[in-house]
Amino acid sequence: MHLPPAVLALGTIVSLPLLLIGGYVWQAGLDLHSPSSVRGWIELCARGREDVFCKAAQRVVRDVQGPVVLIYPGVTGDHDLLASLTRWKGRVPTAGELEDLVRANLFEAATLQTGQMRSLDGQLRQVTCDLPDQRRGCSLDGLRVVRRAEPWNDGALYLPAAQEHRLDFLAPLSSLSPVPLRNGGG
């Protein structure tokens, strides 16, 4: 059965926008929602199938009262973040290692401030904010980060600025400890 060209054209004109809208809604995640808190952002982020960092952050933040600052290393997407974490550990990190990583990149504060701040894993970080080249930027022990939006009532979210040949996150204290010597010494 052949349809007249006018019917085919009309069908295309009607169906193409519907397909585009349906495709956008299907894949929309954080882009379609505007979270009103850091914890809301983490909840939305954790819905991603591969975002292991947000899933770990969701577990860690449950035990923290008050505002939090999160340094989120997944700027380029779930796949790149998982690949970066795998390169860092030499394998896919365990749930415990991911939670340690979140604690190293989480602060009990409303926003980052110049001075010394202690991350949730106990490390004292040197923080410099109001950088000349970044209005909302800070540097934490050399890691340059930019605040994603105005701070929320329950804290703030920071993303790493583009830096070559550096980790996009602060390493946890557990990964900085020296490797134990084999065979008792020597």
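Residues numbered from 1 in each chain as written. Predicted model: local features only at pLDDT ≥ 70, side-chain atom pairs only at ≥ 80, totals over all residues. Heavy atoms only, no water.

**Q** Any chance you could explain helix 3 (residues 52-61) here in plain terms?
**A** Since the α-helix advances by 3.6 residues per turn, residues separated by three or four positions end up pointing in the same direction. With 7 of 10 residues buried, helix 3 is to be regarded as a mostly interior element. Those residues of helix 3 lying buried are Phe 53, Cys 54, Ala 56, Ala 57, Gln 58, Val 60 and Val 61. The inward-facing, buried residues of helix 3 contact helix 2 (38-46), strand 1 (68-71), helix 4 (78-89), helix 5 (95-104) and strand 2 (106-107). (Buried < 20%, exposed > 50% of the residue type's maximum accessible area, 1.4 Å probe, protein only. Helix = DSSP H or I, 4+ residues; strand = E, 2+ residues; numbered from the N terminus. Contact = heavy atoms within 4.5 Å.)

**Q** Quick question: what am I supposed to make of the packing of aromatic side chains here?
**A** Each aromatic ring pair is specified by the distance between its two centres and by the angle formed by the two planes. All told, the structure shown has 3 aromatic pairs when counted by the stated rule. Aromatic side chains Trp 41 and Tyr 72 sit 5.0 Å apart centroid to centroid with 70° between the ring planes, which places their arrangement in the edge-to-face category. Of this pair, Trp 41 sits in helix 2 while Tyr 72 sits in the loop between strand 1 and helix 4; the two residues are 31 residues apart in sequence, bridging distant segments of the chain. Through pairs of rings, three or more aromatic residues link up here, namely Trp 41, Phe 53 and Tyr 72. (Phe/Tyr/Trp six-rings, centres within 6.5 Å; stacked < 30°, edge-to-face > 60°.)

**Q** Where do I start with the state of the cysteines in this structure?
**A** Each disulfide is one covalent bond, formed between the sulfur atoms of two cysteines. Per the counting criterion, the structure on display carries 2 disulfides. Between the sulfur atoms of Cys 45 and its disulfide partner Cys 54 the distance amounts to 1.9 Å. On the sign convention where negative means left-handed, the S-S torsion of about 75° between Cys 45 and Cys 54 marks this disulfide as right-handed. Residue classification places Cys 45 among the buried residues on the basis of a relative accessible area of 6%. In this model, Cys 129 is linked to Cys 138 through a disulfide, with the two sulfur atoms separated by 2.1 Å. Taking the torsion about the S-S bond as the criterion, the Cys 129 to Cys 138 disulfide, at about 105°, is right-handed. The same class applies to Cys 129 and to Cys 138, which are both buried. The cystine pairing of the protein, numbering bonded cysteines in sequence order, is 1-2, 3-4. (Disulfide = S-S within 2.5 Å.)

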